[in-house]
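Chain residues, written in single-letter form:
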Amino acid sequence: MAFTDTEMTEAHEAVTAAATHQDLFKLGLMYSTDVEDRGPDYVQAHKWFNLAAMMGSEPAKVYRADMTDLMSRQDVTLAQRAARGWLLEQKSVSKDTVAA
C-alpha cells in the first residue's frame, strides 16, 4: 500500500496539532510501507512506532520490534535519537505555548 505526500502531510499535521498514539502509530505504518513509490523508511517508521509505544500503543511495540529486526544498530540508534529529538521539540513547543 502506497501513501501519497498529501496523506503524509495530513498525518504530520495531526501529530503536530495533538499527538495521540493512534496518529503516531499511523505515521509509523506509513513510513514502514511506502510513500509515493520511494519505498519504506525504517528509521522514520521506528521513530514513530517508538513514540506511539511510549504513549501506550501495544501494536506499536510489536511493529517497533519488527523494524528493529530489519535495521542495523546504527539505524536503530538514529531512530531513537530522532524520537528523543521529537520529544524535546514538543516539550519546547508546549513551553512556548504556555508562555504566550
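Above this text is the structure in question.
Draft legend 1. Inspection of the packing of helix α2 (residues 21-32) against helix α3 (residues 42-54) at higher detail. In contact at an axis separation of 8 Å, α2 and α3 are set at 160 degrees when each is read in the N-to-C sense. The angle between α2 and α3 places the two elements in the roughly antiparallel class. Of the two possible hands of crossing, α2 and α3 adopt the one that is left-handed. Residues H21, L24, F25, L27, G28, L29, Y31 and S32 of α2 form the contact with α3, whose own contacting residues are Y42, Q44, A45, W48, F49, L51 and A52. For the contact of α2 with α3, the per-class residue count stands at 11 nonpolar, four polar and no charged.

Draft legend 2. The arrangement of the nonpolar core in detail. Ranked by internal contacts, the top residues of the largest apolar core, which has 23 residues, are L24, L27 and W48. When contributions to this core are tallied by element, the ones reaching two or more residues are α1 (5-17), α2, α3, α4 (58-70) and α5 (73-99). Among the elements that take part in this core, α3 stands out by supplying seven residues, more than any other. Once residues lying within four places of it in the same chain are set aside, the contact partners of L24 are V15, A19, W48, L51, A52, M55 and W86.

Draft legend 3. Fine view of the pattern of salt bridges. Overall, the coordinates contain one salt bridge when judged by the stated rule. When the shortest N-O distance is used, the salt bridge between K61 and E58 registers 3.1 Å. Here K61 pairs with E58, and both are found in helix α4, just three residues apart, close to one helical turn.

Draft legend 4. Main features of the packing of aromatic side chains. All chains considered together, the criterion is met by four aromatic pairs. Centroid distance F25 to F49: 5.4 Å. Interplanar angle 50 degrees. Geometry classified as tilted. Taken together, the residues span a long stretch of sequence, with F25 in helix α2 and F49 in helix α3 at a distance of 24 residues. Accessibility classification places F25 together with F49 in one group, the buried group. Measuring from ring centre to ring centre gives 5.6 Å for W48 and W86, while their planes differ by 75 degrees; the resulting arrangement is edge-to-face. Of the two residues, W48 sits in helix α3 while W86 sits in helix α5, which places them 38 residues apart along the sequence. Here W48 and W86 have matching classes, each one buried.

Draft legend 5. Layout of the packing of α2 against α4. Contact geometry of α2 with α4 gives a least axis separation of 11 Å together with a crossing angle of 30 degrees. By the angle between their axes, α2 is roughly parallel relative to α4. Handedness of the crossing formed by α2 with α4: left-handed. In this structure, α2 uses F25, L29 and S32 to contact α4, whose residues at the interface are P59, A60, Y63 and M67. Of the residues contributing to the contact of α2 with α4, the split by class is six nonpolar, one polar and no charged.

Parameters at a glance
- Residues numbered from 1 in each chain as written.
- Predicted model: local features only at pLDDT ≥ 70, side-chain atom pairs only at ≥ 80, totals over all residues.
- Heavy atoms only, no water.
- Axes fitted to C-alpha atoms, helices over the stretch in contact; angles between N-to-C directions.
- Helix = DSSP H or I, 4+ residues; strand = E, 2+ residues; numbered from the N terminus.
- Parallel < 35°, antiparallel > 145°, perpendicular 65-115°, else oblique.
- Left-handed = near helix turned anticlockwise from the far one by under 90°.
- Contact = heavy atoms within 4.5 Å.
- Nonpolar A, V, L, I, M, F, W, Y, C, P; charged D, E, K, R; others polar.
- Core = buried A, V, L, I, M, F, W, Y, C linked by side-chain atoms within 4.5 Å.
- Buried < 20%, exposed > 50% of the residue type's maximum accessible area, 1.4 Å probe, protein only.
- Salt bridge = Lys/Arg side-chain N within 4 Å of Asp/Glu carboxyl O.
- Phe/Tyr/Trp six-rings, centres within 6.5 Å; stacked < 30°, edge-to-face > 60°.

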